[in-house]
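Structural characterization, general
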Amino acid sequence: MRKQIQMEINASNIYLAMAAHFSRDVVNRPGFAEHFFKSAREEREHGSKLIEYLSMRGQLTESVTDLIQLIDVDVKVESGADALRQALELETKVTKSIRSLIKTCEKSPNWYHLVDWLTGEFLEEQLTGQRDLAGKLSTLSKMMASQGALGEFLFDKQL
């Protein structure tokens, strides 16, 4: 569970870095920036919900200081399509981690509530988010193939 919290916080920081990249005046893609700011908020909220769940179960009585560790975020984004591709890979990784956590919890008789909560609260949103990112990436790739940089500009306005 603590690993999942860390993964959600790391994803939030990566999305925040992507949002900052697209907010720069030399890049100026406000649609992409807003998309990634929103994604960062969602991932941070996921981390907060997991922490609240641990607290509810009485699992935060000790070692809270090592719950979240800051990482250096070095995001290299070449284009909007590259950012969406990286985001899709990150979401896939987070989804696999949630599924792994669910499998682990299914083996423990006292964690059936967590399994239900994770599948209802997180898994559906993760899968929907992955599908949305894949669709956006597909659309943007087609627009850039036919329109080049103008395709990315138009896609950004659509976001």
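By the naming in an unreviewed UniProt entry, the protein goes by Ferritin and is assigned to Ceratitis capitata. In its Sequence similarities (unreviewed entry) section, the UniProt record describing the protein reads: "Belongs to the ferritin family." Per UniProt, the protein has the following entry under Subunit (unreviewed entry): "Oligomer of 12 light (L) chains and 12 heavy (H) chains; L and H chains are disulfide-linked. The functional molecule forms a roughly spherical shell with a diameter of 12 nm and contains a central cavity into which the insoluble ferric iron core is deposited."

1. What about the overall build of the protein?
Across its full length, the protein holds five helices and zero strands. Each helix and strand of the protein, ordered N terminal to C terminal, gives the series α-α-α-α-α. Taken along its principal axes, the extent of the C-alpha atoms in the protein is 55 × 30 × 20 Å. Looking at the protein as a whole, 42% of its 159 residues are labelled buried. Counting contacts in the protein only where the partners sit at least 6 residues apart, residues at least 24 apart contribute 75% of the total.

2. So, the side chain of His21
Here His21 is to be found in helix H1 (residues 2-23). Those residues in contact with His21 that sit more than four places away from it in its chain are Val27 and Val77.

What counts, and at which threshold
Residues numbered from 1 in each chain as written. Predicted model: local features only at pLDDT ≥ 70, side-chain atom pairs only at ≥ 80, totals over all residues. Heavy atoms only, no water. UniProt positions renumbered as here; feature names shortened; annotations may be inferred. Helix = DSSP H or I, 4+ residues; strand = E, 2+ residues; numbered from the N terminus. Buried < 20%, exposed > 50% of the residue type's maximum accessible area, 1.4 Å probe, protein only. Contact = heavy atoms within 4.5 Å.

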